[in-house]
Amino acid sequence: MRILLTLALLSISTGALAAERVAVPAAAEARLAARDFPGAGAIILPAFEQCMAAPDPGDTCLDIVMFMIRMADMAGDAPNYDKLLAVALHYAELVLPPQDRELADLRSKAADRRFVAGDYAAAESLYRTVLAARRAAAPVDDPALAQALSDLHLTLRLLRRYDDALPLAVERTAVARRIGDPAKLADALWREGQTLLNLTRYAESEARLRESAALDARAGEGRRAARLATLDLLSLSLFEQRRLPEARTVAVEALALAIAVEGARGDTTLDVMGDIAIYDRDLGDLDAAEAGLRAAILRADGTSHAAVKVRVRLYSALATVLLRRGRALDAVQIMARPIDEMASLSTAEQNDLSDVLQNYAVSLSEIGRLADAEIMSRRVLTIRRATLRADDPLIARALSTLGYILDKLDRREDALAAHIEATTLRLGEGKDEATLARDDLLIVSVGNVAVTLVQLGRLEQAKPFQELALQLSQARFPAGSSDLATALNRWAQYRKAMGVCDGLDAAREARAIWAREAGTVSPNRVIGNINLALHLRQCRGDAAEQRTYWRDAVRYLLADAGQSTDYDARAKTVLSDRRVVFLGNVDANWQLAHATKR
């Protein structure tokens, strides 16, 4: 077939168009249906030559070339498929009206080829012409319109142009409601919910995803895989709203579906197991989080690139749990495998895993390898600046991590600059107050600016940032959460630095929250104890109460067994009562709690 098609292509002359179409011989259709490609080619070639010989303009050869395109597609002959498609599109653009359905079909096929090749800009241009034709059709062909909306929406999403993609998703949902097919409507709602999630419009995203999941639940087993994808996104939406118990409940339901659909070792199964462990971590159940991640890792033995990416993320998540438990050396050691495995992935895939490198940077900083941590952190920032839009939240996250490491290097002016840039990025332009109030990264960044200003001794400048960080955290984070404890502890530290005692209640609340973290050891717990003890001493609190907190702190330090050289140095400084420098591990946990989940 390849020889026949190549000869046919060489015979094409763009100036030889005929008046009437030459029909595809029925015998050729029969041969193609039987997948007899040489036989079909032998029949179609004379018909092709006949249409090419006609002297008058027209769309004579279009049906013949379209048949040859189908034949190349079925035979898997991509080179000839592309050449024939270009020929057909050329003919169609010469002889058909701009909004013609057949012309739109050809442009859609051409756009698909550009999309598969990764040329999203060219695909976007073609998809836009297709969409214009579908909208202008009389009567409107709703299924064709829905497909055109879906194609352009997906292209814009891959270009990370979520604002441009959302109206298309909304229109597709409206078209799906007109069509009346529950499966198509569920898919449309899923895409709309996904895009709203990208735009941090979490409540709207949740509503669309719940409607999609309900439709798929009524459809039964045939929609289990689709419902799994929806529940996975729904749990993420709830996680981003800091509704952790609900997120975990939905993820547990998704896990049961994943096991039914993919089995106990499927990529989605393992990914959802990782999600549940992360929710356990942030709910303070470090025992369950570590056990869940280790169980998932034992099953994660796939060799595909998708399986490697899942395994890398599981190891990275386990490292964050170990850091929360004060086992920094273990965290660095556990990160060695995912860092090595990432080398087998493409550059683009490695860039998608920049959150893993960010966790590694934090882990290195916790064992005192600050120079290495800075290099890794700057690598993450460089990757994200090169591959993401300037306002992407992952850039602000990378800046926050870099600022944290620079602070540990005692380069606090540089750290302050990084935190200010992160805050400025999250403020953006045109964001309303409600959007800003639920932006976790903004809350983190404001808090980081405040802490760094305190460390620089610029206490009055720190005041509005400290007050705003506490106000936003109290409104955003659930009572009893580690996130809230971090904000309370920072406020107490600031008030103590100001020489006043009105932060004592905040210190008590932070300590009480961290004391409930489930785990053999917890850096947060010792930090809460030490800070509260020092606060009580400054404010002439009860000496016996102070000793209780010091004893608890010492018990942790003995259990730590030298896991973190940097942490131990800070602990010895505190316990020798020369100065208090215990903010480091609090800030590390804060950064890790808001690291990218996937």
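Residues numbered from 1 in each chain as written. Predicted model: local features only at pLDDT ≥ 70, side-chain atom pairs only at ≥ 80, totals over all residues. Heavy atoms only, no water.

Engineer: Explain the overall build of the protein here, please?
Structural biologist: Secondary structure assignment for the protein yields 31 helices and zero strands. A total of 598 residues make up the protein; the buried ones form 54% of that total. At a minimum sequence separation of 6, the contacts of the protein that also span at least 24 residues come to 65%. Of the roughly 24800 Å² of accessible surface on the protein, a fraction of 54% belongs to carbon and sulfur atoms. (Helix = DSSP H or I, 4+ residues; strand = E, 2+ residues; numbered from the N terminus. Buried < 20%, exposed > 50% of the residue type's maximum accessible area, 1.4 Å probe, protein only. Contact = heavy atoms within 4.5 Å. Areas by Shrake-Rupley, 256 points an atom, 1.4 Å probe, with all protein chains shown as cover.)

Engineer: Would you take a moment to explain the state of the cysteines for this structure?
Structural biologist: By definition, a disulfide is the covalent link that joins the sulfur atoms of two cysteine residues. With the rule as written, the count across this model stands at one disulfide. Shown here is the disulfide that connects Cys501 with Cys539, its sulfur atoms set 2.1 Å apart. One disulfide, between Cys501 and Cys539, carries an S-S torsion of -110° and so falls in the left-handed class. With Cys501 in the loop between helix 26 (482-497) and helix 27 (504-515) and Cys539 in the loop between helix 28 (523-538) and helix 29 (543-560), the pair connects residues that are 38 residues apart, well separated along the chain. (Disulfide = S-S within 2.5 Å.)

Engineer: Help me understand the pattern of salt bridges, please; the structure alone is not making it clear to me.
Structural biologist: When the charged atoms of two side chains with opposite charge come close together, those side chains can pair. Taken as a whole and assessed by the stated rule, the structure comprises 47 salt bridges. The salt bridge partner of Lys184 is Asp181, with a shortest N-O separation of 3.8 Å. Here Lys184 falls in the partly exposed class, since its relative accessible area comes to 41%. The exposure class assigned to Asp181 is partly exposed, which follows from its relative accessible area of 28%. Across the pair Arg223 and Asp187 runs a salt bridge whose closest N-O atoms are separated by 2.7 Å. Pair noted here: Arg223 is in the loop between helix 11 (202-219) and helix 12 (224-240) and Asp187 is in helix 10 (residues 182-198), with a separation of 36 residues, a long-range link. Judged by relative accessible area, which is 14%, Arg223 ranks as buried. According to the relative accessible area criterion, Asp187 is partly exposed, its value standing at 30%. (Salt bridge = Lys/Arg side-chain N within 4 Å of Asp/Glu carboxyl O.)

Engineer: Whenever I open this one, the nonpolar core confuses me. Can you help?
Structural biologist: If you look at the biggest cluster of nonpolar residues, it comprises 74 residues, and the most contacted ones within it are Leu231, Phe239, Leu270, Leu293, Leu314 and Ile334. The element best represented in this core is helix 16 (residues 305-324), accounting for eleven residues. When neighbours within four sequence positions are excluded, Leu270 is seen to be in contact with Ala264, Arg265, Ala296, Arg299, Ala300, Val310 and Leu314. (Core = buried A, V, L, I, M, F, W, Y, C linked by side-chain atoms within 4.5 Å.)

Engineer: Even after reading the chapter, I still don't get the packing of aromatic side chains, so can you show me in this structure?
Structural biologist: Given two aromatic rings, their pairing is described by the distance between the two centres and the angle made by the two planes. What the rule picks out here adds up to three aromatic pairs. Residues Phe239 and Tyr279 carry aromatic rings whose centres are separated by 5.3 Å and whose planes lie at 35° to one another, so their mutual orientation is tilted. Here Tyr279 lies in helix 14 (residues 267-282) and Phe239 lies in helix 12, a separation of 40 residues in the sequence. Of the two residues, Phe239 and Tyr279, neither departs from the other in class, the shared state being buried. When the ring centre of Phe239 is taken as origin, the NZ or CZ atom of Arg242, which lies over that ring, is 5.0 Å away. (Phe/Tyr/Trp six-rings, centres within 6.5 Å; stacked < 30°, edge-to-face > 60°. Lys NZ or Arg CZ within 6 Å of the ring centre and 35° of its normal.)

Engineer: Explain helix 5 (residues 78-95) to me, please; I cannot follow it from the model alone.
Structural biologist: In an α-helix there are 3.6 residues to a turn, and that puts residues three or four apart on one side. Spanning 18 residues, helix 5 covers 26 Å between terminal C-alpha atoms, matching the ideal 26 Å at 1.5 Å per step. Every buried residue of helix 5 is accounted for by Asn80, Tyr81, Leu84, Leu85, Val87, Ala88, Leu89, Tyr91 and Ala92. (Expected span 1.5 Å × (residues − 1).)

Engineer: Before we go on, may I ask you to explain unusual backbone geometry in this structure?
Structural biologist: Across residues other than glycine, the phi torsion is negative in most instances, and most of the peptide bonds are trans. Within the chain, Thr200 stands out as a residue other than glycine whose phi angle is a positive 60°. One non-glycine residue, Arg242, lies in the positive phi region at around 60°. Within the secondary structure, Arg242 is located in the loop between helix 12 and helix 13 (244-262).

Engineer: Is there a simple way to explain the environment of Gly480 in this structure?
Structural biologist: With respect to the element layout, Gly480 can be found in the loop between helix 25 (459-476) and helix 26. In the structure, Gly480 is positioned 36 residues away from Arg516 in sequence and 8.9 Å away in space, judged by C-alpha atoms. Apart from the residues within four sequence positions on either side, Gly480 is in contact with Ile513 and Arg516.

Engineer: It is not clear to me how the packing of helix 13 against helix 14 should be interpreted in this structure. Could you clarify?
Structural biologist: When two helices pack together, their arrangement is captured by the angle between the axes and the distance separating the axes. In the contact formed by helix 13 and helix 14, the axes pass within 9 Å of each other and the chain directions differ by 160°. Relative to helix 14, the element helix 13 lies roughly antiparallel. Note that helix 13 runs across helix 14; the crossing there is left-handed. Facing Leu244, Ala247, Arg248, Ala251, Val252, Ala254, Leu255, Ala258, Ile259 and Glu262 of helix 13, the residues of helix 14 in contact are Asp267, Thr268, Thr269, Val272, Met273, Ile276, Tyr279, Asp280 and Asp282. (Axes fitted to C-alpha atoms, helices over the stretch in contact; angles between N-to-C directions. Parallel < 35°, antiparallel > 145°, perpendicular 65-115°, else oblique. Left-handed = near helix turned anticlockwise from the far one by under 90°.)

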